[in-house]
Amino acid sequence: MRADLHTHTTASDGALQPQTLIDRALEQGVELLSITDHDTLDGYRSLSVPEGLTLIRGIELSSRWQKSGIHVVGLNVRGEAMDGAIANQKRARADRAAQIADRLHRATGVDLLEAARTEAGHSQVGRPHFARAMVAAGLVGDAADAFRRYLGRGKVGDIRQHWPGLGRVVGWIRDAGGIAVLAHPARYRMTATRLKKLLTSFKAVGGEAMEVVSGTQNPQVTQNLADMCEAFGLLASCGSDFHQPAGPWSELGRYAPLPDHCRPVWDAW
Ligand code: AMP
Ligand code: MN
Ligand code: MN
Ligand code: MN
């Protein structure tokens, strides 16, 4: 089964329209797809799903655990049941964007809020939109530079306090009939000890799966994550975290398969 259960479109910070992404996924041989835009289901408005592809309704929710920003993918959620959660996240993103703009203003002398909103278009503002605005304003060479200097982990524009706690976010997903999946565990750059603490908390609040494969990652990382997944009795998910055809993200559906001993998350539906 070629599954890609973590992708982004123009409904959040991806480059492709949802319909374009679906067509591309089919071309890449993906059979099971989820569009998991940040804190929104807008990408699911008026889609036509071609034969040969199964689309699972998903979302990537931003949360906070201790001092870390943690992403949780909700798979197979009922759309209407997410309305309250999405309204909460929308408010959080708007307040956070204003604070990011304040901080960047102090750091660079430039007010970037309007430019970031323009970059976001109809979607909610996120750090990638600030990164693009900073490139356009000539403050940085490229988006990667913007993250390295201003927006990445621990920099002035990395603000997490607006996000709800991990338990609240997992609860929203469960209440909507979905499965909560810990997104890209290796991306948090935690020690194994801290990651195990996170998995303990995640499991305690009702998390049921984790991404064992997130894009092209080191095989040793995949092995370690697969072992943890099994030890914690979680289901295993996989996805590209695709944002655009070029750049640091992997192509749709193009990464190593889940290790054999993993129980795939799609066994749950
Ligand atoms: P936000 O949702 O506002 O917290 O922004 C997080 C998003 O920023 C991620 O989903 C990525 O799309 C993007 N991102 C995070 N780190 C980097 C980086 N170092 N370079 C480019 N994009 C990044
Ligand atoms: Mn993103
Ligand atoms: Mn993420
Ligand atoms: Mn993502």
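For the structure itself, consult the block above.
Residues numbered from 1 in each chain as written. Chains lettered and ligands numbered in written order. Predicted model: local features only at pLDDT ≥ 70, side-chain atom pairs only at ≥ 80, totals over all residues. Heavy atoms only, no water.

1. Quick word on the coordination of the manganese ion (ligand 4)
Rules: For Na, K and Ca the donor cutoff is 3.2 Å, while for all other metals N, O and S atoms count as donors only within 2.8 Å; water does not appear among the atoms, so some sites may look incomplete. Numbering goes from the N terminus for both helices and strands, where a helix is a DSSP run of H or I of at least four residues and a strand is a run of E of at least two. Here the term buried applies to any residue with accessible area under 20% of the maximum for its type, exposed to any over 50%, and partly exposed to those in between, with areas from a 1.4 Å probe on protein chains only.
Every protein donor of the manganese ion (ligand 4) is accounted for by His6 (NE2), His8 (NE2), Glu60 (OE) and Asp241 (OD), and the metal-donor separations fall at 2.1 to 2.2 Å. A spacing of 4.7 Å is found between the manganese ion (ligand 4) and the manganese ion (ligand 2). Pair noted here: Glu60 is in strand 3 (residues 54–65) and Asp241 is in the segment after strand 7 (235–239), with a separation of 181 residues, a long-range link. Judged by relative accessible area, Glu60 falls into the buried class, the value being 1%.

2. Some remarks on the coordination of the manganese ion (ligand 3)
Looking at the metal site, the manganese ion (ligand 3) is ligated by Glu60 (OE), His71 (ND1) and His184 (NE2), spaced 2.1 to 2.2 Å from it. Summarised as a motif, the one-chain spacing of the donors to the manganese ion (ligand 3) is E-x10-H-x112-H. Here the manganese ion (ligand 3) and the manganese ion (ligand 2) are spaced 5.7 Å apart. Placement of the pair is Glu60 in strand 3 and His71 in strand 4 (residues 68–75), with a sequence separation of 11 residues. In terms of burial, Glu60 and His71 fall into one category: buried.

3. A few points about the environment of Ile56
So the rule is basically this: The contact criterion used throughout is that any non-hydrogen atoms of two residues lie within 4.5 Å.
Mapped onto the fold, Ile56 is located in strand 3. Between the C-alpha atoms of Ile56 and Leu32, which are 24 residues apart in sequence, the distance is 7.4 Å. Here Ile56 is in contact with Leu32, Leu33, Ser34, Ile35, Tyr44, Leu75, Asn76 and Trp269, once residues within four sequence places are set aside.

4. Observations concerning the packing of helix 3 (residues 113–120) against helix 4 (residues 127–136)
For clarity, the threshold we go by: Simply put, an axis is a line fit to the C-alpha atoms, just over the touching stretch for a helix, and the angle between two N-to-C directions goes from 0 to 180 degrees. Orientation labels follow simple angle bins: below 35 degrees gives roughly parallel, above 145 gives roughly antiparallel, 65 to 115 gives roughly perpendicular, and whatever is left gives oblique. Left-handed is the label given to a crossing in which the near helix is rotated counterclockwise from the far helix by less than a right angle, and right-handed is the label when the rotation is clockwise.
Put simply, helix 3 and helix 4 touch, their axes get as near as 8 Å, and they point 115° apart. It follows from the interaxial angle that helix 3 and helix 4 lie roughly perpendicular. Viewed along their axes, helix 3 and helix 4 form a crossing whose handedness is right-handed. Contact residues: Leu113, Ala115, Ala116, Glu119 and Ala120 in helix 3; His129, Phe130, Arg132 and Ala133 in helix 4.

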